[in-house]
Amino acid sequence: MTLILGIETSCDETSAAVLRGEDELLGHVIFTQDVHRLYGGVVPEIASRAHLRTLDDVVEGALREAGVGLDDIDVFGVTAGPGLIGALLVGVSWGKAAAWAGGKPVVGVHHMEAHLFATQLEHPDARPPFVALLVSGGHTMLLWVPAWGEYVQLGATRDDAAGEAFDKAAKILGLPYPGGPSIQRAAEGGDPSRHRFTRPLLNRGQRPAEAEYYDFSFSGLKTALRNRVRDVERAGELEAEVPHLAAAFQDAVVDVLATKTLRAVRETGCRRIVLGGGVANSRALRAELTRRLGGSGAVHAPSPRLSTDNAAMIARTAHFRYTRGEVAGLDLNARADLPFPGLRKR
Ligand code: KG4
Ligand code: ZN
């Protein structure tokens, strides 16, 4: 069976994985670059340097865990984009060099397609057809996936990504980065009804033919939060209101994401939802989707380890592309804006 080494360096996780065949994960190491916490967001130049420093050790760790050597690897799969260009280049260069040295093929993987495959590594049922909601720090996409390799984009964000919205909101509330988990924690003790935020780009009058039916927008919500925080701060009540503000903000984001995802379920007639990306960790999002979908449907979400950036999903996607004969040459390059393969607009 094909032994694949996957490599992921598109943002602030340095990761390597050894996958046998389609879904036997033999080794998997994820190194999260904690240093970015100091700055409240990922600093690209620091990310590239950290990838460079740690990638050798991360690959070695994954190989050791798998009990195989570099020579045993049949195919190298690397994230070629989208992402931070300097960070991507570290992984792509490593993968090409290893492939060239061993006389093995290298496959360039699209990071967002990989998020679609991540869930399937743990949930065999998370295969097409399904409605997918990809929500990470850099992307927000609602997709219809009739088959692997065929992607219909129903909606996307027009400004901030969902994870970015959580990160910026946390910063406004004085909560630590990454924002999603901080807001979730703060919201636990909060009453979402004390502050109500208007749901951006969402109203009942929207029709399926309009782009607004599926598209997202989160930057206005961030401004609304900032204004509310200013008012509350002026009244000297910020500390006491943080949990309520966090809960109300989370509620607004989740309501918009869940409503539009359920619209896709209705229109496609497909009752299987697959989540991907860091925001898929949101307990509120999972619970709301499950509640609205009801008993006859299924919401598949990856475990925290596979929902954030990781190399297992890269190896899984490389396996798919490789079995279709899609191998890159040594001219494979990193691209910050790599187009999603097989994606078409509805
Ligand atoms: O997929 P990911 O690890 O990295 C990107 O490719 O962007 O996603 C990271 C994002 C961050 O914005 C983080 O705030 C968000 O996922 N996130 C969450 C939660 N856990 C992580 N957002 C909401 N609720 C969570 N529990
Ligand atoms: Zn990602």
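Residues numbered from 1 in each chain as written. Chains lettered and ligands numbered in written order. Predicted model: local features only at pLDDT ≥ 70, side-chain atom pairs only at ≥ 80, totals over all residues. Heavy atoms only, no water.

1. A word on the environment of isoleucine 30
Part 1: Mapping isoleucine 30 onto the fold places it in strand 3 (residues 24-32).
Part 2: On a C-alpha basis, the gap between isoleucine 30 and threonine 14 in space is 5.9 Å, while along the polypeptide they are 16 residues apart.
Part 3: The residues contacting isoleucine 30, other than those within four sequence positions of it, are Glu13, Thr14, Ser15, Arg305, Asp309 and Asn310. (Helix = DSSP H or I, 4+ residues; strand = E, 2+ residues; numbered from the N terminus. Contact = heavy atoms within 4.5 Å.)

2. Looking at the site of ligand 1
Part 1: As a structural note, the neighbourhood of ligand 1 is formed by 21 residues, with Gly137, Gly163, Asp167, Gly180 and Gly278 the closest of them.
Part 2: The backbone of glycine 180 places a nitrogen or oxygen atom 2.9 Å from an oxygen atom of ligand 1.
Part 3: Side-chain polar atom of glutamine 184 to a nitrogen atom of ligand 1: 3.1 Å apart, as the coordinates give it.
Part 4: Compared with its free state, where it exposes 550 Å², ligand 1 has 89% of that area covered by protein.
Part 5: Among the secondary structure elements, those contributing two or more residues to the shell around ligand 1 are helix 3 (111-118), helix 4 (162-172) and helix 5 (179-187). (Near = heavy atom within 4 Å. Polar contact = N/O pair within 3.5 Å; in protein donor to acceptor, adjacent residues only side chain to side chain. Areas by Shrake-Rupley, 256 points an atom, 1.4 Å probe, with all protein chains shown as cover.)

3. Some words on the packing of helix 1 (residues 44-66) against helix 2 (residues 85-102)
Part 1: Where helix 1 contacts helix 2, the axes come no closer than 9 Å and their chain directions differ by 30°. When the axes of helix 1 and helix 2 are compared, the pair comes out roughly parallel. When the axes of helix 1 and helix 2 are compared, the crossing they make is right-handed. Residues Ser48, His51, Leu52, Leu55, Asp56 and Val59 of helix 1 pack against Gly86, Ala87, Val90, Gly91 and Trp94 of helix 2.
Part 2: Each residue belonging to the contact of helix 1 with helix 2 can be placed in one class, and the counts come to 6 nonpolar, 4 polar and 1 charged. (Axes fitted to C-alpha atoms, helices over the stretch in contact; angles between N-to-C directions. Parallel < 35°, antiparallel > 145°, perpendicular 65-115°, else oblique. Left-handed = near helix turned anticlockwise from the far one by under 90°. Nonpolar A, V, L, I, M, F, W, Y, C, P; charged D, E, K, R; others polar.)

4. Details of the nonpolar core
Part 1: Ranked by size, the top nonpolar core spans 52 residues in total, and within it Leu225, Phe249 and Leu257 carry the most contacts.
Part 2: Ranked by the residues each element gives to this core, the list is headed by helix 7 (residues 238-268), at 16 residues.
Part 3: Dropping the residues within four chain positions of it, phenylalanine 249 is found in contact with Ala165, Phe166, Ala169, Ile183, Phe197, Leu221, Lys222 and Leu225.
Part 4: Judged by nonpolar contacts, the second largest core, of 25 residues, contains Leu5, Leu63, Ala66 and Val90. (Core = buried A, V, L, I, M, F, W, Y, C linked by side-chain atoms within 4.5 Å. Buried < 20%, exposed > 50% of the residue type's maximum accessible area, 1.4 Å probe, protein only.)

5. Focus on unusual backbone geometry
Peptide bonds are, in most cases, trans, and in most cases residues other than glycine have a negative phi.
Part 1: Of note, the amide linkage connecting glycine 81 to proline 82 takes the cis form, showing an omega dihedral of -10°.
Part 2: Proline 129 follows proline 128 through a cis peptide bond whose omega is 5°.
Part 3: Mapped onto the elements of the fold, proline 129 is located in the loop between helix 3 and strand 6 (130-135).
Part 4: Phi is positive for leucine 201, close to 55°, though the residue is something other than glycine.
Part 5: Leucine 201 sits in the partly exposed class, given a relative accessible area of 25%.

6. Notes on the packing of helix 7 against helix 8 (residues 283-293)
Part 1: As a packed pair, helix 7 and helix 8 sit with axes 9 Å apart at the nearest point and diverge in direction by 40°. Here helix 7 is positioned oblique relative to helix 8, judged by the angle of their axes. Relative to helix 8, the crossing made by helix 7 is right-handed. Facing helix 7, whose interface residues are Gln250, Val254, Asp255, Leu257, Ala258, Thr259, Thr261, Leu262 and Val265, helix 8 presents Ala284, Leu285, Glu288, Leu289, Arg292 and Leu293.
Part 2: When grouped by side-chain class, the residues that make up the contact of helix 7 with helix 8 number 9 nonpolar, 3 polar and 3 charged.

7. A few points about the domain arrangement of the protein chain
A common way to express how large an interface is: the accessible area buried when the components associate.
Part 1: Per the domain assignment, the segments making up the protein chain are domain 1 (3-115 + 307-345) and domain 2 (127-302).
Part 2: Centre-to-centre separation of domain 1 and domain 2, based on C-alpha positions: 28 Å.
Part 3: Buried surface at the junction of domain 1 and domain 2, summed over both partners, amounts to about 1800 Å²; 60% is from carbon and sulfur atoms.
Part 4: A salt bridge links glutamate 22 to arginine 127, with the shortest nitrogen-to-oxygen separation between them at 3.3 Å.
Part 5: In this assembly, domain 1 and domain 2 are joined by 9 residue pairs in polar contact (both at pLDDT 80 or more).
Part 6: Secondary-structure elements contributing two or more residues to the side of domain 1 that touches domain 2 are helix 3, helix 10 (312-323) and strand 11 (343-345).
Part 7: Classifying every residue of the side of domain 1 that touches domain 2 by side-chain character gives 8 nonpolar, 6 polar and 9 charged. (Domains from an automatic or database assignment. Buried area = accessible area lost by both parts, 1.4 Å probe. Salt bridge = Lys/Arg side-chain N within 4 Å of Asp/Glu carboxyl O.)

8. Concerning the sheet that holds strand 2 (residues 13-20)
Part 1: Sheet architecture is open: 5 strands sit in the order 3-2-1-4-5, paired in mixed fashion. The outermost strands of the open sheet, each flanked by one partner alone, are strand 3 and strand 5 (106-110). Sheet twist, expressed as the mean angle between neighbouring strand axes with direction ignored, is 20°.
Part 2: Here 6 bridges tie strand 1 (residues 3-8) to strand 2, and the two strands are oriented antiparallel to one another. Note on strand 2: the bridge partner recorded for isoleucine 7 is alanine 16. (Pairing = 2+ DSSP bridges.)

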